[in-house]
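Now for the letters of each chain:
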Amino acid sequence: MKFKKNVSLKNYTTFKIGGPAKYFYIAKNKTELIKAIKEAKKLKLPFFILGGGSNLLVSDKGFNGLVIKFGQPLSSYVSKGLEWAVGIPGTIQGAVCSNAGAFKKSMKDVVESVEVFDTETGKVKIFKNKDCKFGYRDSIFRKKKNLIILSVEIKPKKSNTKKIRTSLRENLDFSLRSKIKQYLDYRKQTQPLNFPSAGSIFKNLPGKSAGELVEKCGLKGKKIGNVKISEKHANFIVNLGQGKAKDVIKLIKLIKKEVKKKFGVVLEEEIQFLGF
């Protein structure tokens, strides 16, 4: 297979931060994905599956292995019961892996089954919802790196639109568009969408918002290098331009230190790290 060499990863992440991948390949379908993984294993190359590049911080040094870009946009599933996911960058595969969610809903609520490639056995398996072991921003796929998500089947909507009268269907379509607009408006009002970021940096604690804890520590607007904690949402670190991963790490460490000192709790990162 022909892999590209020394490809900058910052242009493939929503954070716009990160060094080059030693090798890079875009898999157009699951057959190409499996073939690339097998090639990497044959060459004894470490590999990483890159989806939409959200919720990810890539090291300034990059990744000394093969990065395989693959996945279907999460946005293409909005009309299939994932209205709450509108505006969230990333892929359906990545969303399932981290059990992404918003507005008190998550992938756990909508996933019927997941088609998986096991890199240890070389076999394709089907995982039902219960097999995925979904938790808060977690799943079996995040724990077991040998399980690579190929495709996702979403639970069918309860209503059968084929049996609904045209006028009623139009009302439902209007209701869906209205709901989507509400979610988008809320994101625009509460999140720093005008700057590159990785989304929420930390997981919320039971009954406690990570962003509120960071804000109460007086850290909103704290800047190191060309990255800073957003004034709009304290659980976001934004790239002001030419930001470095090393400075993001410094801010993360500062936040964890201050939150633990003030509240006695340890924040856990929601984002993934590559190349560190």
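Here, the structure is the one placed above.
Residues numbered from 1 in each chain as written. Predicted model: local features only at pLDDT ≥ 70, side-chain atom pairs only at ≥ 80, totals over all residues. Heavy atoms only, no water.

Colleague: I would appreciate a short explanation of unusual backbone geometry in the present structure.
Modeller: Only a minority of non-glycine residues have a phi that is not negative, and only a minority of peptide bonds are not trans. Here K44, not a glycine, exhibits a phi torsion of approximately 60 degrees, which is positive. Turning to its location among the elements, K44 is positioned in the loop between helix 1 (30-42) and strand 3 (47-50). You will see that R137, though not glycine, has its phi angle at about 50 degrees, which is positive. Within the element layout of this structure, R137 appears in the loop between strand 9 (123-128) and helix 3 (140-143). (Helix = DSSP H or I, 4+ residues; strand = E, 2+ residues; numbered from the N terminus.)

Colleague: Would you mind showing me how to read the nonpolar core here?
Modeller: It is characteristic of soluble globular proteins that their nonpolar side chains tend to be buried jointly. Formed by 29 residues in total, the largest nonpolar core has its most connected members in L82, V96, M107, V114 and F141. Residue assignment for this core shows that the elements contributing at least two residues are helix 2 (92-97), strand 8 (111-118), helix 3, strand 10 (147-154) and helix 4 (166-190). With near-sequence residues (within four places) excluded, V96 lies in contact with M107, V111, V114, F134, S139, F141, I149 and V152. The next biggest cluster of nonpolar side chains, apart from the first, holds 25 residues, and it includes A245, V248, I255 and V265. (Core = buried A, V, L, I, M, F, W, Y, C linked by side-chain atoms within 4.5 Å. Buried < 20%, exposed > 50% of the residue type's maximum accessible area, 1.4 Å probe, protein only. Contact = heavy atoms within 4.5 Å.)

Colleague: So what exactly am I meant to see when it comes to the sheet that holds strand 13 (residues 237-239) here?
Modeller: Each strand in a sheet pairs with its neighbour through backbone hydrogen bonds, running either in the same direction (parallel) or in the opposite one (antiparallel). With antiparallel pairing, the three strands of this open sheet are ordered in space as 11-12-13. In the strand order of this sheet, the two ends are held by strand 11 (223-224) and strand 13, each with one partner. Of the strand pairs in this sheet, strand 11 and strand 12 (residues 227-229) are connected by two bridges, and their pairing is antiparallel. Along strand 12, the bridge assignment pairs K223 with K228. (Pairing = 2+ DSSP bridges.)

Colleague: It is not clear to me how the pattern of salt bridges should be interpreted in this structure. Could you clarify?
Modeller: As enumerated under the stated definition, the model contains eleven salt bridges in all. The closest approach of N and O atoms between E270 and R137, which form a salt bridge, is 3.8 Å. Residue E270 is located in the loop between helix 6 (245-263) and strand 14 (272-274), and its partner R137 is located in the loop between strand 9 and helix 3; the two are separated by 133 residues in the primary sequence. Note on accessibility: E270 and R137 belong to one class, buried. Between K220 and E215 there is a salt bridge, with the nearest N and O atoms lying 3.6 Å from each other. (Salt bridge = Lys/Arg side-chain N within 4 Å of Asp/Glu carboxyl O.)

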